[in-house]
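Coordinate inspection notes
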Amino acid sequence: MSAILSVDDLNDFISPGVACIKPIETLPTAAPAASEANTSNEFEVILDGQQPEIKSNNAPPAEISLTDCLACSGCVTSAEAVLVSLQSHNEVLNVLDSAPALKLVGPDANGKYSVEGLENSAAKLYVASVSPQSRANLAATCGKGVTEQQAGRMIEQLFLGEQGLARGGKWGNKFTWVVDTNTAREATLVLGSDEVLGGSIAPSDKAATPVLTASCPGWVCYAEKTHPYVLPHLSRVKSPQALMGTLLKTSLSRILNISPDRIWHLAVMPCFDKKLEASREELTDAVWAGDGKPGRGVRDVDCVITSKEILMLAASRDLDFFGLPASVPPQTPQYPDPSIHDFLFRPSQRQQLREAGTSGGNMHFILRHLQARHPGSQIQIVPGRNADVVEYKVVAESGEILFKSARYYGFRNIQNLVRKLKPAKASRMPGGKPFGSAKRPAGKANGLDYGYVEVMACPGGCTNGGGQIKVDDQVVVDRKGLAVKPGPLEQKEWQKEVDEAYFSGDEPDSEAQDNTSDLDVDGISPSHIRNVLTHWSTLTGIELERLAYTSYREVVSDVGKEKKMTDTERVVQLAGKIGGGW
């Protein structure tokens with residue numbers, strides 16, 4: 001465990017497992033020298049259960065990639081990534097310095113765009129997407145009343161400006177665009193609402209009721225590896241990070257007529273587990289450009305770094321992030337499709353609603369959408385056993401309950417949730433009754449009568465992600481001038497500052513929205529979002545089902561089990577034992 005989690009928080013996070021099944025290649029040890037051979041018969045007396053000292057053979061440390069972690073069920077990820085060697089700020093710098101960047105050219109007289117520099121196979125077009133939770137965390141770290149929007153401009157200066165990453169790079173490369181994942185979040189809100197309430201773009205393979213949010217990768221990995229019976233309940237809608245990655249890779253590759261591996265997408269997120277999400281085989285071009293099945297193709301998100309790694313990225317180029325201007329960054333090229341450009345780069349930043357929470361507001365949007373369909377209805381809030389468990393009801397004017405939902409944050413609460421969803425086990429006794437969930441009161445399907453449950457692994461939501469800068473980090477201690485090491489109470493106050501920055505934005509508006517055929521929900525027009533998604537599907541020639549939705553699979557552990565080997569594998573193993581040259 002890293003210092004990101006305090007001892008007091010460990011009861012809310014799933015610890016890594018003790019067994020890792022990553023195979024490691026080992027070579028036969030060299031024969032002992034003659035001087036050492038005479039000591040081989042010496043005996044060591046062990047007292048009080050002590051273990052003899054084992055001489056190291058100076059073997060190099062094993063490197064475990066993110067794909068290895070996802071393929072293995074020997075451990076369950078928590079709010080931090082364990083043994084991650086890729087997707088770091090160093091990887092960003094290495095890619096930027098690998099070759100001159102591709103250059104966007106256009107539009108020409110026919111409105112077409114092209115790309116220069118394709119003759120260099122290592123050259124790429126760089127695009128970044130930034131989450132509002134990361135901007136809020138960096139705004140709180142800046143202090144002095146810096147807003148989320150201002151922190152976002154500082155990040156844009158780092159990625160786009162001449163005095164940013166380009167200043168110290170080998171080729172002076174910088175990003176072509178920096179986009180806000182809030183735009184993809186709004187699309188996921190409409191997609192999720194249509195999935196739950198029924199809509200024109202609902203997936204054909206709908207999730208079972210109650211539908212559970214699936215935008216938190218820590219929660220998804222936990223479900224896939226330990227509670228596969230909840231997988232039918234997971235929402236099929238991609239997370240904002242994944243949807244943005246698919247949007248960028250598909251639209252740019254089709255419009256510019258280049259391979260998706262020539263587009264390099266960086267995501268800035270509050271959570272280490274987002275690195276694992278980016279490595280999922282369900283989120284590659286094998287799905288949207290291939291046969292629709294998960295596979296090891298080109299990732300929709302090439303690299304994920306956290307809020308804390310933004311500071312490390314700047315420091316690696318000898319830049320002071322806090323000294324970057326919070327002014328509007330240099331003008332970026334027009335996105336090569338006008339409709340998608342207007343969707344990604346709207347003139348003002350929409351304010352986050354406090355009642356929607358700090359994790360995107362999936363459940364709140366569904367409640368508000370349903371409330372808009374039933375004039376006079378009210379949303380009632382029923383507090384749960386702690387601050388991270390809350391029940392919500394949409395009640396009609398007549399008093400009828402139209403819809404029930406809940407919020408479950410933190411692994412302690414998630415464990416209670418999945419326990420209620422556990423199906424009943426058939427009795428082995430002749431004529432015996434099922435046991436388990438069947439003991440619960442009648443009328444409650446699987447122990448829950450919710451239509452939707454918003455599930456997040458981190459207590460307090462996404463602004464408290466494992467990749468966020470904490471109050472006891474040295475940068476905060478120095479900037480705040482704290483004399484003593486901050487504790488849990490100081491962290492709670494710090495979290496309030498981050499949340500306050502998250503809610504600092506322009507007032508909700510509906511500029512450039514098409515409200516002609518649908519209700520406006522908290523400044524978001526579902527009809528406008530549907531039109532953009534339909535245009536995206538038409539532009540790329542890919543059905544929306546492949547673009548906007550994803551799938552999940554049970555990960556079965558083989559830790560501690562004897563693995564069945566093929567004849568070839570058995571021969572290789574025998575050859576290794578006798579010193580064969582395999």
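Residues numbered from 1 in each chain as written. Predicted model: local features only at pLDDT ≥ 70, side-chain atom pairs only at ≥ 80, totals over all residues. Heavy atoms only, no water.

Named according to an unreviewed UniProt entry, the chain is Nuclear architecture-related protein 1 originating from Sordaria brevicollis. Under the UniProt heading Function (unreviewed entry), the entry covering the chain gives this text: "Component of the cytosolic Fe/S protein assembly machinery. Required for maturation of extramitochondrial Fe/S proteins. May play a role in the transfer of pre-assembled Fe/S clusters to target apoproteins." (UniProt positions renumbered as here; feature names shortened; annotations may be inferred.)

Okay, the packing of aromatic side chains next. Taken as a whole, this structure holds seven aromatic pairs when the rule is applied. The interplanar angle of 50° and the centroid separation of 4.9 Å between the aromatic rings of F159 and F175 together place this pair among those described as tilted. Of the two residues, F159 is situated in helix 5 (residues 148-160) and F175 in the loop between helix 6 (165-168) and strand 4 (177-180); the sequence distance between them amounts to 16 residues. Neither residue differs from the other here; F159 and F175 are each classed as buried. Here the aromatic rings of Y502 and F503 are separated by 5.2 Å at their centres, their planes lie at 75°, and the arrangement is edge-to-face. Taken individually, Y502 and F503 each receive the classification buried, so the pair is uniform in this respect. In this structure, R407 packs its charged tip against the face of Y409, placed 5.2 Å from the ring centre. Geometry around F322 places R479 over its ring, the cationic atom sitting 3.9 Å from the centre. (Phe/Tyr/Trp six-rings, centres within 6.5 Å; stacked < 30°, edge-to-face > 60°. Helix = DSSP H or I, 4+ residues; strand = E, 2+ residues; numbered from the N terminus. Buried < 20%, exposed > 50% of the residue type's maximum accessible area, 1.4 Å probe, protein only. Lys NZ or Arg CZ within 6 Å of the ring centre and 35° of its normal.)

In this section: the confidence of the model for the chain. Per-residue confidence for the chain averages 81 on the pLDDT scale, and 75% of its residues sit at or above 70. Note on residues 1-27: pLDDT is under 50 here. Beyond four places in sequence and across chains, it has 51 contacts. A low-confidence stretch, residues 39-51 (pLDDT under 50), is modelled with four contacts involving residues beyond four sequence positions or located in other chains. (pLDDT = per-residue confidence, 0-100. Contact = heavy atoms within 4.5 Å.)

What follows covers the pairing of strand 4. Burial along strand 4 is two-sided: W177 and V179 and V178 and D180, pointing in opposite directions, are all buried. As defined by bridge partners, strand 3 (residues 125-130) adjoins strand 4 across four bridges and the pair is classed as parallel. What sits directly across from V127, in strand 4, is W177. (Pairing = 2+ DSSP bridges.)

Another point: the packing of helix 4 (residues 132-142) against helix 17 (residues 488-502). Between helix 4 and helix 17, the shortest axis-to-axis distance is 8 Å and the interhelical angle comes to 120°. Relative to helix 17, the element helix 4 lies oblique. Taken as a pair, helix 4 and helix 17 cross one another with a handedness that is right-handed. Only W494, E497, V498, A501 and Y502 of helix 17 make contact with helix 4, whose side of the interface consists of P132, Q133, A136, N137, A139, A140 and T141. Residue composition of the contact of helix 4 with helix 17, grouped by class: eight nonpolar, three polar and one charged. (Axes fitted to C-alpha atoms, helices over the stretch in contact; angles between N-to-C directions. Parallel < 35°, antiparallel > 145°, perpendicular 65-115°, else oblique. Left-handed = near helix turned anticlockwise from the far one by under 90°. Nonpolar A, V, L, I, M, F, W, Y, C, P; charged D, E, K, R; others polar.)

This next bit is on the pairing of strand 8 (residues 378-383). With zero of six residues buried, strand 8 is to be regarded as a mostly surface element. Relative to strand 9 (residues 389-395), strand 8 runs antiparallel, the two being bridged by six bridges. Note that in strand 9 the partner of P383 across the bridge is V390. Between strand 8 and strand 9, which pair antiparallel and follow one another directly, the connecting turn spans five residues.

Glancing now at the sheet that holds strand 7 (residues 303-306). As summarised here, the arrangement of the four strands in space is 4-3-6-7, forming an open sheet in which the pairing is parallel. Here the strands that pair on one side only, and so sit at the sheet edges, are strand 4 and strand 7. The mean angle between the axes of side-by-side strands here comes to 25°, regardless of whether they run parallel or antiparallel. Taken together, the four bridges between strand 6 (residues 263-269) and strand 7 define a ladder with parallel strand orientation. Its bridge partner lying in strand 7, M269 is registered against T306. Of the strands in this sheet, strand 3, strand 4 and strand 6 are in contact with helix 5, which crosses strand 4 at around 155°. Lying over the sheet, helix 7 (residues 181-197) contacts strand 3, strand 4 and strand 6, oriented at roughly 40° with respect to strand 4.

Looking now at the sheet that holds strand 10 (residues 401-409). Within a sheet, neighbouring strands are paired by backbone hydrogen bonds and run either parallel or antiparallel to one another. Strand order in the open sheet made by the five strands is 5-11-10-9-8, with mixed pairing throughout. Looking at the sheet topology across the chains shown, the edges are occupied by strand 5 (211-212) and strand 8. Bridge analysis of strand 5 against strand 11 (residues 452-456) gives two bridges, and the strand direction is parallel. Of the residues in strand 11, the one forming a bridge with V211 is Y452.

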